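Letter by letter, the chains look like this.
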Amino acid sequence: MSNLHHNSGSAHGSTKSYIIGFILSIILTLIPYYLVVNHTLNMQSAYITILVFAVLQLLVQVIFFLHLSGDSSQRWNLLAFIFTLVVLLILVVGSLWIMWNLDYNMMDH
Amino acid sequence: MTIITPAINNHSHEEHHDDGSKNLFGFWIYIMTDCILFSMIFATYVVLHKHVYGGPTAKELFSMPFVLKETMILLTSSFTYGLAMLAVNKNDKTTTILWLFVTFILGAAFIAMELHEFSNLYHEGHSWDRSAFLSSFFTLVGTHGLHVTSGLIWMLSLMVQVLKHGITPKTHTKLACLSLFWHFLDIVWIFVFTIVYLMGAI
């Protein structure tokens, strides 16, 4: 059974990493939540702020819950993840750009 | 664990080491494709979310305290699954089952809350065929909810398998795959929470 711990596919967390990840995630959820419901920021700042917090929480959960890292055991997982992000950005940004452009060109000018 | 090899042995060398790392990596690749799927449903929602066709907007329909509760429940379930995996790595069958069960309850509570929200919307006339906004809302949040539900069924199945066989290389690998799935679903929810509910309330 000991070879399970040399399973290169999974990295292992520790109680500490899960607790840190959990607490950070709670904080990164509550801050944007209260900023929005209390209307603390103007519209544009609010949009940017909540997106930044979402990306930060993504990173927290990917690092502390999924244990993604530069470790040799995680390298292929990290590579697949980065590649996915590249493809995803092209798809999402590209789609939003196209649809915005379509919308713009359909308006009465 | 003794392996009784058949007379004609087609097993590749790795399989005798009971190492689930290829399975786990393969499952990670599937998760990556699921990210792409969700990202496109998100993009669709972003394009359509202001198209309310004369009906109410996101701000008017969603209850923020309710969503915060849902979010905290799902986040906690991701944490408790982590605790389950720590028990798996220590080959502690009882603690594993305990934390899987807690995770299951939290996940089921999340789904119950979501069904409640959907049911209310539907019965007030704000169903998926009312507007492009609502179509894309139900598709995005519904797809996530279906994933969570599938995860819950899978979780039950694994709890039974662990009760029956204990923590073996096979059940360990399966639990590791579900852990990727479950954490991934909470990560998607971060964006549902942010893009659907928080952005809706701005």
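Placed above this text is the structure.
Scoring rules and cut-offs
- Residues numbered from 1 in each chain as written.
- Chains lettered and ligands numbered in written order.
- Predicted model: local features only at pLDDT ≥ 70, side-chain atom pairs only at ≥ 80, totals over all residues.
- Heavy atoms only, no water.
- Helix = DSSP H or I, 4+ residues; strand = E, 2+ residues; numbered from the N terminus.
- Buried < 20%, exposed > 50% of the residue type's maximum accessible area, 1.4 Å probe, protein only.
- Areas by Shrake-Rupley, 256 points an atom, 1.4 Å probe, with all protein chains shown as cover.
- Rg over C-alpha atoms; globule rule 2.2 N^0.38 Å.
- Polar contact = N/O pair within 3.5 Å; in protein donor to acceptor, adjacent residues only side chain to side chain.
- Contact = heavy atoms within 4.5 Å.
- Buried area = accessible area lost by both parts, 1.4 Å probe.
- Nonpolar A, V, L, I, M, F, W, Y, C, P; charged D, E, K, R; others polar.
- 1 Å grid on protein atoms, 1.4 Å probe; cavity = no way out; pocket = protein on both sides within 12 Å on 5 of 7 lines; lining within 4 Å.
- Points joined across faces, edges and corners; volume = space filled by probe spheres on them.
- Axes fitted to C-alpha atoms, helices over the stretch in contact; angles between N-to-C directions.
- Parallel < 35°, antiparallel > 145°, perpendicular 65-115°, else oblique.
- Left-handed = near helix turned anticlockwise from the far one by under 90°.

Asker: Please give an account of the overall build of chain B that cites residues and values.
Answerer: Counting its regular elements, chain B contains six helices and zero strands. Counting helices and strands in the order they occur from the N terminus, chain B gives α-α-α-α-α-α. Summarising its shape, the C-alpha atoms of chain B cover approximately 70 × 35 × 25 Å along the three principal directions. Each of the 202 residues in chain B was classed as buried or not, and the buried ones make up 58%. By element, 67% of the accessible surface of chain B is carried by carbon and sulfur atoms, the whole surface being about 9,000 Å².

Asker: Please set out the overall build of chain A residue by residue, giving values where relevant.
Answerer: In terms of regular secondary structure, chain A is built from three helices and zero strands. When the elements of chain A are put in sequence order from the N terminus, they spell out α-α-α. Against the globule reference of 13 Å for 109 residues, chain A gives a C-alpha radius of gyration of 19 Å, more extended than a compact globule. Along the longest, intermediate and shortest principal axes, the C-alpha atoms of chain A span 70 × 35 × 20 Å. Residues classed as buried in chain A amount to 33% of the 109 residues present. Total accessible area on chain A is roughly 6,900 Å²; 71% of this is exposed by carbon and sulfur atoms.

Asker: Outline the side chain of A:Gln57, supporting the account with residue identities and numerical values.
Answerer: Residue placement: A:Gln57 occurs in helix H2 (residues 43-64). Under the relative-accessibility criterion, A:Gln57 is labelled buried at 5%. Side-chain polar atoms of A:Gln57 contact the side chain of A:Thr29, separated by 3.0 Å. Discounting residues that sit within four places of it in the chain, A:Gln57 has contacts with A:Ser25, A:Leu28, A:Thr29, B:Leu75 and B:Ile190.

Asker: So what about unusual backbone geometry? Which residues, and what values?
Answerer: The backbone phi angle of A:His67 is positive, close to 55°, even though this residue is not glycine. Inspection of the secondary structure puts A:His67 in the loop between H2 and helix H3 (75-105). According to the relative accessible area criterion, A:His67 is buried, its value standing at 12%. Non-glycine residue B:Tyr53 carries a positive phi angle of around 50°. Among the structural elements, B:Tyr53 can be located in the loop between helix H1 (21-48) and helix H2 (58-61).

Asker: Kindly report on the interface of chain A and chain B, identifying the contributing residues and their values.
Answerer: Interfaces are often sized by the amount of accessible area the parts lose when they come together. Counting from both sides, the interface comprises 51 residues of chain A and, opposite them, 49 residues of chain B. Here chain A meets chain B over a buried area of about 4,300 Å², counting both sides, of which 79% is carbon and sulfur. The interface formed by chain A and chain B includes three residue pairs in polar contact (both at pLDDT 80 or more). In terms of residues, the side of chain A that touches chain B owes the most to one element, helix H1 (residues 15-37) of chain A, which gives 13 residues. Looking at the side of chain A that touches chain B residue by residue, the class counts come to 33 nonpolar, 18 polar and no charged.

Asker: Explain the layout of surface pockets to me, and be specific about the residues and the numbers.
Answerer: In this model, the largest pocket occupies a volume close to 820 Å³. Lining the largest pocket are 29 residues; nearest its centre among them are A:Leu88, A:Val92, B:Ser39, B:Phe191 and B:Ile195. Elements with a contribution of two residues or more to the lining of the largest pocket: H2 and H3 of chain A together with H1 and helix H6 (169-201) of chain B. If one sorts the elements of the lining of the largest pocket by residue count, H1(B) sits on top with nine residues. Split into classes, the residues belonging to the lining of the largest pocket amount to 27 nonpolar, two polar and no charged.

Asker: Would you mind going over the packing of H1(A) against H6(B) in detail, with residue names and values included?
Answerer: Running from N to C, H1(A) and H6(B) cross one another at 10°; their axes reach a closest spacing of 10 Å. In terms of orientation, H1(A) lies roughly parallel with respect to H6(B). Of the two elements, H1(A) crosses H6(B), and the hand of that crossing is left-handed. Across from A:Tyr18, A:Thr29, A:Pro32, A:Tyr33 and A:Val36 in H1(A), the residues of H6(B) making contact are B:His183, B:Phe193, B:Leu198 and B:Ala201. Its residues placed into classes, the contact of H1(A) with H6(B) shows seven nonpolar, two polar and no charged.

Keep in mind that these numbers describe shape and distance, not what the molecule does.
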